[in-house]
Amino acid sequence: MTGRSPKLQRAYDLKSKEEAEAVYDEWAAEYDADMLAGMDYVAPANAANRLVDLAGADLGPVLDAGCGTGLVGKVLASRSVAVIDGLDLSRGMLDQARATGAYRNLTKADLTKRLDIPDNTYAAAICVGTITDGHVGPEVFDELVRVVRPGGLVVATVAHVWESRKVGEYLNGLVEAGRIHLREADEWESVNGEDVRCKIPVLEVR
Ligand SMILES: C[S@@+](CC[C@H](N)C(=O)[O-])C[C@H]1O[C@@H](n2cnc3c(N)ncnc32)[C@H](O)[C@@H]1O
């Protein structure tokens, strides 16, 4: 973890939701330039493309959890996904996402709490760059699985914390509880400029 961009390091060092909100509000306007051109952040494209490759573009409404500035939504829209809703803790990031025009609804929400969304609302959910150091843990999968219809997919990127937060074990617990089938959990590139890789688990909701 040496030689990392100071902004990315600051994000990985976040200690509270309040701090996360403030840091991302401040970073929002520069985030895309920093992450894409500056760091070759490929996780949003890798995960969004994997979802569409597996589910097809006509899959129905998709929830982008921790949508940030909308990098995932832009890729999904470019692949002809028609309805995308986004959730994020940071209003600054949500404002950037709104400007992409890719989303139907954008809502400020905390992924560590129960979401104000009925069961089985979405055809799929995607969560990129948010299950990582200083952000949220695997507990978010409970709510993502709850709001996706049976047969739908939950796709996430998990960087750094797969071992430390026991993400594999957490997902196995969901398998044992009969809530998901774990279709794959392969390793992919995430932030090429920082040599960060991630796992992309694909959960099929039962
Ligand atoms: C690294 S960014 C990723 C954003 C986007 N998915 C992407 O890949 O560019 C992490 C995002 O998680 C959001 N976040 C952090 N903690 C959160 C929480 N508890 N609930 C909802 N969003 C959260 C931040 O506001 C930020 O937009």
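Our structure's up above, just so we're on the same page.
Scoring rules and cut-offs
- Residues numbered from 1 in each chain as written.
- Predicted model: local features only at pLDDT ≥ 70, side-chain atom pairs only at ≥ 80, totals over all residues.
- Heavy atoms only, no water.
- Helix = DSSP H or I, 4+ residues; strand = E, 2+ residues; numbered from the N terminus.
- Expected span 1.5 Å × (residues − 1).
- Buried < 20%, exposed > 50% of the residue type's maximum accessible area, 1.4 Å probe, protein only.
- Contact = heavy atoms within 4.5 Å.
- Near = heavy atom within 4 Å.
- Polar contact = N/O pair within 3.5 Å; in protein donor to acceptor, adjacent residues only side chain to side chain.
- Areas by Shrake-Rupley, 256 points an atom, 1.4 Å probe, with all protein chains shown as cover.
- Bend = angle between axes of the 7 residues up to and from the residue.
- Pairing = 2+ DSSP bridges.
- Axes fitted to C-alpha atoms, helices over the stretch in contact; angles between N-to-C directions.

Participant: Help me understand helix H3 (residues 43-55) in this model?
Facilitator: In an α-helix, one turn spans 3.6 residues, which is why side chains three or four residues apart end up on the same side. Here H3 is 13 residues long and its end C-alpha atoms lie 18 Å apart, about the 18 Å a rise of 1.5 Å per residue gives. Within H3, burial applies to Ala43, Pro44, Asn46, Ala47, Ala48, Leu51 and Val52. Structurally, H3 contributes buried residues whose contacts are with strand S1 (62-65), helix H4 (71-78), strand S4 (122-131), strand S5 (148-158), strand S6 (180-191) and strand S7 (196-205). Looking one or two residues beyond H3, the residue adopting positive phi is glycine 56, at roughly 85°.

Participant: Any chance you could explain the site of the ligand here in plain terms?
Facilitator: Taken together, 21 residues surround the ligand, and among them Tyr31, Tyr41, Gly66, Asp88 and Val128 come closest. Tyrosine 31 places a polar side-chain atom, nitrogen or oxygen, 2.8 Å from an oxygen atom of the ligand. Within the backbone of valine 128, an N or O atom sits 2.8 Å from a nitrogen atom of the ligand. Relative to its unbound accessible area of 590 Å², the ligand is 97% covered by the protein chains.

Participant: Explain helix H2 (residues 17-38) to me, please; I cannot follow it from the model alone.
Facilitator: End to end, H2 covers just 26 Å across 22 residues, shorter than the expected 32 Å (1.5 Å per residue, more than 12% under). Helix geometry: H2 is bent most strongly at alanine 28, by close to 70°. Three or more residues of H2 are buried, namely Ala20, Val23, Tyr24, Trp27, Ala28, Tyr31, Asp34 and Met35. Aspartate 40 sits one or two residues past H2 and shows a positive phi near 55°.

Participant: Even after reading the chapter, I still don't get the environment of threonine 121, so can you show me in this structure?
Facilitator: Checked against the element boundaries, threonine 121 lands in the loop between strand S3 (106-108) and S4. With 70 residues separating them along the chain, threonine 121 and valine 191 place their C-alpha atoms 31 Å apart. With residues near it in sequence (within four places) discarded, threonine 121 still touches Pro61, Val147 and Arg149. There is a polar contact of 2.7 Å between the side chain of threonine 121 and the backbone oxygen of proline 118.

Participant: Sorry, what's going on with the side chain of threonine 69 here?
Facilitator: Considering the arrangement of structural elements, one finds threonine 69 in the loop between S1 and H4. In contact with threonine 69, not counting residues within four places along its chain, are Ala28, Tyr31, Asp32, Met93, Gln96, Ala97 and Thr100.

Participant: Just checking my understanding: could you explain the sheet that holds S3 for this structure?
Facilitator: Strand pairing within a sheet occurs via backbone hydrogen bonds; the two strands may be parallel or antiparallel. Across the sheet, which stays open at both edges, the seven strands sit in the order S3-S2-S1-S4-S5-S7-S6 with mixed pairing between neighbours. In this open sheet, the two edge strands, each paired with only one partner strand, are S3 and S6. Sheet twist, expressed as the mean angle between neighbouring strand axes with direction ignored, is 15°. Those strands touched by helix H8 (residues 167-176) are S5, S6 and S7, and its axis lies near 155° from that of S6.

Participant: For this particular structure, what's the right way to read unusual backbone geometry?
Facilitator: What is expected of a backbone is that most residues other than glycine have negative phi and most peptide bonds are trans. Although it is not a glycine, aspartate 40 adopts a positive phi angle of roughly 55°. Among the secondary structure elements, aspartate 40 is positioned in the loop between H2 and H3. Judged by relative accessible area, aspartate 40 falls into the partly exposed class, the value being 37%. The backbone phi angle of histidine 160 is positive, close to 75°, even though this residue is not glycine. Overall, the relative accessible area of 31% leaves histidine 160 in the partly exposed class.

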